[in-house]
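Report on the structure
These are the residues of each chain, in order.
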2 protein chains.
Amino acid sequence: MSEQTQQNKELLKNVGLKITEPRLTILALMQDNRDVLQHFSAEDIYKLLLEQQSEVGLATVYRVLNQFEEVGILTRHLFDSNKAVFELNYNHQHDHIICKDCGKVFEFKDAEIERRQKEISQKHGIELEKHSLYLYGTCSDLSSCDNKEK
Amino acid sequence: MSEQTQQNKELLKNVGLKITEPRLTILALMQDNRDVLQHFSAEDIYKLLLEQQSEVGLATVYRVLNQFEEVGILTRHLFDSNKAVFELNYNHQHDHIICKDCGKVFEFKDAEIERRQKEISQKHGIELEKHSLYLYGTCSDLSSCDNKEK
DNA sequence: GTGGCTGCAAAACATTTGCACCTGT
DNA sequence: ACAGGTGCAAATGTTTTGCAGCCAC
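Residues numbered from 1 in each chain as written. Chains lettered and ligands numbered in written order. Predicted model: local features only at pLDDT ≥ 70, side-chain atom pairs only at ≥ 80, totals over all residues. Heavy atoms only, no water.

Take the environment of Ile97 of chain A next. Position of Ile97 of chain A relative to the elements: it lies in strand E3 (residues 95-99). Judged by its relative accessible area of 0%, Ile97 of chain A is buried. Expressed as a C-alpha distance, the spacing of Ile97 of chain A and His39 of chain A, which sit 58 residues apart in the sequence, is 13 Å. If sequence neighbours within four positions are ignored, Ile97 of chain A has contacts with Lys104, Val105, Phe106, Phe108 and Leu135 of chain A together with Ile120, Ser121, His124 and Ile126 of chain B. (Helix = DSSP H or I, 4+ residues; strand = E, 2+ residues; numbered from the N terminus. Buried < 20%, exposed > 50% of the residue type's maximum accessible area, 1.4 Å probe, protein only. Contact = heavy atoms within 4.5 Å.)

Written out as structure tokens, the structure reads:
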């Protein structure tokens, strides 16, 4: 068994979830594909599972993703579409910049913005728990924009 | 005819939409209720229409809201729930602070955050078009928190 | 007159749930 | 053994669409 699998088993145990084949498969799938895809919809994952002959139902994908979010293994984003996308939580939380033309996503983290967010919340009498920040725009350099040519 | 209605007719004409009864009704409804409700779901509006005996179908509500968003009369927000809420655009764009316990929403606008957003986008080669920023937390002063007691 | 608008019902989607069976501990 | 997990199909909730008739321009 790979070292990655071993780590994932411990991860599941640590967060109090049983070590089952669908959960390990989904976890590995997201880790293995993180270079090509940072943000997965439930459907994305389901299709990837089908491709690799995994017999995991779509309902299970949703259930597992929800559980993973609850225990902090991943984060749910809403972006502008109607469906949720999920992203593995590595060490750090971050915000996103999305090109509306090509769908490219950059990540960033800005201490100044976060400091202001905290100040503003306090001024309004709110104890800040989390925030969601997305910047939408278009690639300035058109040649580097993989425009999907809609 | 009220002055408000007159203004709304010109607004519709200016954005290139025909002046129809459903559109005027929905527009007036959102304006008249803006003190009690800043953010309307399609269902909210539909129910309010029913209450005032307006014979407007739910499909029309959705179509009108979408058109209003396209021409900039209102803004669609996704917040954390599964359904969209809409807000009339007055002069200024702003961001939101939401109390997760009582659902209270504050609005704010911060020049410093917006300046940083622009800088960060440029640094990543993106021409910033719009952003979405929501701060989630809980009322620090519990006595002022209208906790829905779920 | 006619192209856009509307209401209704049906369809489309993403997501959740009920249930009988299976599996990890 | 048994609580929790799973697959499937059916249900849910929101939003969209097809279509026949209607209305603003």
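Around DNA strand D sit 19 residues in total, of which Thr20, Arg23, Glu55 and Thr60 of chain A together with Tyr62 of chain B are the nearest. Protein-adjacent atoms of DNA strand D, using a 4 Å cutoff, are sugar or phosphate at a proportion of 71%. In this structure, a phosphate oxygen belonging to DNA strand D sits 3.5 Å away from a main-chain N or O atom of Ile19 of chain B. Tyr62 of chain B places a side-chain nitrogen or oxygen 2.6 Å from a phosphate oxygen of DNA strand D. No other element matches the five residues that helix H4 (residues 58-70) of chain B contributes to the surface near DNA strand D. (Near = heavy atom within 4 Å. Polar contact = N/O pair within 3.5 Å; in protein donor to acceptor, adjacent residues only side chain to side chain.)

Glancing now at the pattern of salt bridges. Under the criterion given, the structure shown has 18 salt bridges over all chains. Two residues, Lys100 of chain A and Glu129 of chain B, come together in a salt bridge whose shortest N-O distance is 3.5 Å. Taken together, the residues span two chains, with Lys100 of chain A in the loop between E3 and strand E4 (105-108) and Glu129 of chain B in strand E6 (residues 126-139). Taking relative accessible area as the criterion, Lys100 of chain A reaches 41% and is therefore assigned partly exposed. (Salt bridge = Lys/Arg side-chain N within 4 Å of Asp/Glu carboxyl O.)

The next thing to look at is the relation of the copies chain B and chain A. Expressed as a screw transformation, the operator carrying chain B onto chain A has a rotation angle of 179° and an axial translation of 0.0 Å, and the superposed copies differ by an RMSD of 0.2 Å. Between the two chains, the operation in question is that of a two-fold axis. The position closest to the rotation axis in chain B is occupied by the C-alpha of Leu133 of chain B, lying 2.2 Å away. When the interface residues of chain B are mapped onto chain A, 100% of them again fall at the interface, so both copies present the same face. (Least-squares fit on C-alpha atoms with pLDDT ≥ 70 in both.)

Here the UniProt-annotated "binding site: Zn(2+)" (unreviewed entry) positions come out as Cys99, Cys102, Cys139 and Cys145 of chain A. These annotated residues cover 47 residues of sequence, but their C-alpha atoms sit close together, with the largest distance between any two at 8.3 Å. Within the element layout of this structure, Cys99 of chain A appears in strand E3. Exposure remark for Cys99 of chain A: the relative accessible area of 1% places this residue in the buried category. Here Cys99 of chain A is in contact with Lys104, Gly137, Thr138, Cys139 and Cys145 of chain A together with Ile126 of chain B, once residues within four sequence places are set aside. As for its placement among the helices and strands, Cys139 of chain A is situated in strand E5 (residues 126-139). With sequence-adjacent residues up to four places away left out, Cys139 of chain A is seen in contact with Cys99, Cys102, Lys104 and Cys145 of chain A together with Gly125 and Ile126 of chain B. (UniProt positions renumbered as here; feature names shortened; annotations may be inferred.)

Moving on, we come to the protein's contact with DNA strand C. Residues in contact with DNA strand C amount to 19 residues; listed here are only the nearest, Tyr62 of chain A together with Thr20, Arg23, Glu55 and Thr60 of chain B. Expressed as a percentage, the sugar and phosphate content of the atoms of DNA strand C within 4 Å of the protein is 69%. A distance of 3.0 Å separates a phosphate oxygen of DNA strand C from a polar atom in the side chain of Asn66 of chain A. A distance of 2.4 Å separates a phosphate oxygen of DNA strand C from a polar atom in the side chain of Arg23 of chain B. Only helix H4 (58-70) of chain A together with helix H2 (21-32) and H4 of chain B provide two or more residues apiece to the surface near DNA strand C. It is H4 of chain A that contributes the most residues to the surface near DNA strand C, five residues altogether. The class makeup of the residues in the surface near DNA strand C is eight nonpolar, four polar and seven charged. (Nonpolar A, V, L, I, M, F, W, Y, C, P; charged D, E, K, R; others polar.)

Further remarks concern the side chain of Thr75 of chain A. Residues and elements named next belong to chain A. Relative to the helices and strands, Thr75 resides in strand E1 (residues 74-77). In terms of polar contacts, Thr75 uses its side chain to reach the side chain of Asn89, at 2.6 Å. Beyond its immediate sequence surroundings of up to four residues, Thr75 is in contact with Val85, Phe86, Glu87, Asn89 and Gln93.

Another aspect to go through is the UniProt feature "binding site: Fe cation" (unreviewed entry) in chain A. Residues and elements named next belong to chain A. According to UniProt, the "binding site: Fe cation" (unreviewed entry) feature falls on Asp95, Glu114 and His131. In summary, the annotated positions, though distributed over 37 residues, converge in three dimensions, the widest C-alpha pair being only 10.5 Å. In this structure Glu114 comes out as partly exposed when scored by relative accessible area, which is 26%. Ignoring any residue separated from it by four or fewer positions in sequence, one finds Glu114 in contact with Asp95, Lys109 and His131. One polar contact links Glu114 to Lys109, side chain to side chain, over a distance of 3.5 Å.

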